[in-house]
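Listed below, chain by chain, are the residues.
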Amino acid sequence: MQVRFAGSLVVLIAGLSFSPSMLAQTSQPSGTSKAPAGTSATTTSTTHDLSGVWMQYADGTEPGFARMNGVDDRVRPPLTPWGQARFDTAKPLMGPRAVGGAEDSAALHCEPSGPPQLLILPNPFEFVQIPGRVFMFFEELHIWRTIWTDGRPLPKDPDPSWLGYSVGRWEDNTFIVETVGFNDKVWADLAGNPRSEQMHLTERYHRLNHDTLEQQIVIDDPKSYTKTWVSPPKLHKLEPTWEIAEWFCATSEEQTYDEQVRKPSGVAPSK
Amino acid sequence: MKGMLPRFFAMLFGFFMVSVPLLAHHGNSAYDMSKTTSYKATITKFEYSNPHTQVWFDVTDEKGNVEHWVAETTNPGMLNRVGWTRDTLKPGDQVTLIANPNKVGARVVFLEKVVFSDGKELTTAKAF
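Residues numbered from 1 in each chain as written. Chains lettered and ligands numbered in written order. Predicted model: local features only at pLDDT ≥ 70, side-chain atom pairs only at ≥ 80, totals over all residues.

## Re the overall build of chain A
Move 1: A tally of regular secondary structure across chain A gives four helices and ten strands.
Move 2: Listing every helix and strand of chain A by position from the N terminus yields α-β-α-α-β-β-β-β-β-β-β-β-β-α.
Move 3: A total of 271 residues make up chain A; the buried ones form 37% of that total.
Move 4: When contacts within chain A are restricted to residue pairs at least 6 apart in sequence, long-range pairs at least 24 apart make up 61% of them. (Helix = DSSP H or I, 4+ residues; strand = E, 2+ residues; numbered from the N terminus. Buried ≥ 20, exposed ≤ 12 C-beta atoms within 10 Å, placed from the backbone. Contact = placed C-beta atoms within 7 Å.)

## Comments concerning the overall build of chain B
Move 1: Along chain B, the regular secondary structure elements total two helices and six strands.
Move 2: Taken from the N to the C terminus, the helices and strands of chain B come in the order α-β-β-β-α-β-β-β.
Move 3: In chain B, which comprises 128 residues, the proportion classed as buried is 38%.
Move 4: Relative to all contacts within chain B whose residues are 6 or more apart in sequence, the contacts with residues 24 or more apart total 57%.

## Considering the pairing of strand β7 (residues 200-209) of chain A
Residue and element names in this part refer to chain A.
Move 1: Both strand β6 (residues 174-180) and β7 contribute to a ladder of six bridges, which runs antiparallel. By the bridge assignment for β7, E178 is matched with T202.
Move 2: Between β7 and the antiparallel strand that follows it, strand β8 (residues 212-220), lie two residues. (Pairing = 2+ DSSP bridges.)

## Looking at the confidence of the model for chain A
All names here are of chain A.
Move 1: Per-residue confidence for chain A gives a mean pLDDT of 83; residues scoring 70 or more make up 79%.
Move 2: For the stretch residues 1-44, pLDDT sits under 50, and the model shows 31 contacts to residues farther than four places along the chain or on other chains.
Move 3: Here residues 62-66 is a poorly scored stretch, pLDDT under 50, and it has 15 contacts once near neighbours within four places are set aside; other chains count. (pLDDT = per-residue confidence, 0-100.)

## Let's talk about helix α4 (residues 251-262) of chain A
Move 1: The complete set of buried residues in α4(A) reads E254(A), Y257(A), V261(A) and R262(A). Summarising the axial view, the buried residues of α4(A) lie within an arc of 80 degrees, below the 170-degree limit, and thus occupy one face. Within α4(A), the exposed residues directed more than 90 degrees away from the buried face are T251(A), S252(A) and E259(A).
Move 2: Its buried side turned inward, α4(A) meets β2 (54-60), β3 (66-72) and β5 (108-115) of chain B. (Arc of directions from axis to C-beta.)

## Overview of the pairing of strand β1 (residues 52-56) of chain A
Residue and element names in this part refer to chain A.
Move 1: Taken across its five residues, β1 has five buried, putting it largely inside the fold.
Move 2: Residues G52, W54 and Q56 point to one face of β1 and V53 and M55 to the other, with burial holding for every one of them.
Move 3: Pairing of β1 with strand β2 (residues 125-130) involves three bridges; the strand directions are antiparallel. Note on β2: the bridge partner recorded for G52 is F127.

## A look at unusual backbone geometry
Move 1: For the bond running from P115(A) to P116(A), omega is 0 degrees, close enough to zero to count as cis.
Move 2: Following the sequence through the fold, P116(A) ends up in the loop between α2 (81-89) and α3 (117-120).
Move 3: The linkage connecting N50(B) with the following residue, P51(B), adopts the cis geometry, with an omega of 0 degrees.
Move 4: Even without being glycine, H48(A) reaches a positive phi, approximately 55 degrees.
Move 5: Structurally, H48(A) is set in the loop between α1 (2-26) and β1.
Move 6: Residue classification places H48(A) among the partly exposed residues on the basis of 14 C-beta atoms within 10 Å.
Move 7: The backbone of D172(A) sits at a positive phi, close to 55 degrees, despite the residue not being glycine.
Move 8: Within the secondary structure, D172(A) sits in the loop between β5 (165-171) and β6.
Move 9: The exposed category is assigned to D172(A), around which 9 C-beta atoms lie within 10 Å.

## Structural notes on the confidence of the model for chain B
In low-pLDDT regions, the fine details of the predicted coordinates are not to be read closely.
Residues and elements named next belong to chain B.
Move 1: Across chain B, the average pLDDT comes to 83, with 77% of residues at 70 or higher.
Move 2: Throughout residues 8-21 the model reports pLDDT below 50, and contacts reaching past four residues in sequence, or to other chains, amount to 20 contacts.
Move 3: Here the predicted complex scores 0.80 on pTM and 0.77 on ipTM.

## Let's talk about the environment of V109(B)
Residues and elements named next belong to chain B.
Move 1: By secondary structure assignment, the location of V109 is in strand β5.
Move 2: Note: C-alpha distance between V109 and E72 (37 residues apart in sequence) is 6.4 Å.
Move 3: Beyond its immediate stretch of four places on either side in the chain, V109 contacts Y31, W69, A71, A99, N100, P101 and N102.

## A word on the environment of K156(A)
All names here are of chain A.
Move 1: Structurally, K156 is set in the loop between β4 (144-148) and β5.
Move 2: When the 6 C-beta atoms within 10 Å are taken as the criterion, K156 is described as exposed.
Move 3: Spatially, the C-alpha atoms of K156 and P194 are 22 Å apart, while their sequence positions differ by 38 residues.

## Section: the nonpolar core
Move 1: In this structure, W54(A), M94(A), F138(A), L190(A) and I219(A) are the most contacted members of the largest nonpolar core, which totals 41 residues.
Move 2: At the level of secondary structure, the elements contributing two or more residues to this core comprise β1, α3, β3 (133-138), β6, β7 and β8 of chain A.
Move 3: With residues up to four places along the chain from it excluded, the contact list for W54(A) reads P124(A), F125(A), L213(A), H236(A), K237(A), L238(A) and E239(A).
Move 4: Residues Y257(A), V261(A), A99(B) and V114(B) belong to the second largest nonpolar core, which totals 21 residues. (Core = buried A, V, L, I, M, F, W, Y, C linked by C-beta atoms within 7 Å.)

Take a look at the structure:
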């Protein structure tokens, strides 16, 4: 009996030794729903730890664009001829060129998404950190992504892929993710701005306080754009009670929605 | 001056309430998101599924003519977080739907809120 009690005590002490940082990530009240005013204060519990489910803040952009300007086309540099041709042929989902019922994109065919578009959609994602890597689990399409943090360099000649190949490092309290090896099958955003196989994507994540994460996306894609595209930082809020829900793109559901709702939404009724 | 602070917070609250998460990867260009229309609806089908939940409903005009409509909204994952379930609506329910109208007049709209017969309301999203 004494042995069992001693054993329980050891487990309890071990639990208490590890629990403060975990509690800090999951149980602390969210507090205000307003974004903080530019403070860069951090605490020990949030330094080098992004764990948790994050959701974009509302930001007051015009209806239809709410929350989707992590890649901000208001500051987009000029397109290259290749980029312009891609942009011109796109049938975008958002923006002034979008036509209801006539949209087209990889997502409408149940194809995967990828950064940076995947990063800007108004659905939550979760950071999970283990030694040597960080995972991002996205609710949108139930996609997950690996960011290697074991010091390995970016690959020199990676095969093109939807998610690319990502490595991450901490510089002070900012987690910097660099990714190469993209394909050009998905847009950078929902307005039809392209990405190419030459894209080098940089994401910067900085925790302003326990509940608020600042994300900045920088696109260096010389095949698509004449300059580096630097979007303003975007704020995300920690949602300690949320779980990432299942959201696969099921072809049957997608086709039903497409035929019965999306396409008819653009057809005026006959008189 | 005295009444300015409450007014400011009321405006701030309103600002966040209208900045709801909208459609994800399918766009919303078919709808006039700056307007809302009210529909006295009889539910005919409730499709609680991805990529977008669909509320199918009938509207009967003054002459007794029945029109068939559908309102789409965000996905079940987001709706669950603001109080919806797969049983929120069922065929035969009589409710008022508040939705963004269609730009070209198609009977496909974007749902913002349901008002039930007992006066209770359920929005499709909230400010997070």
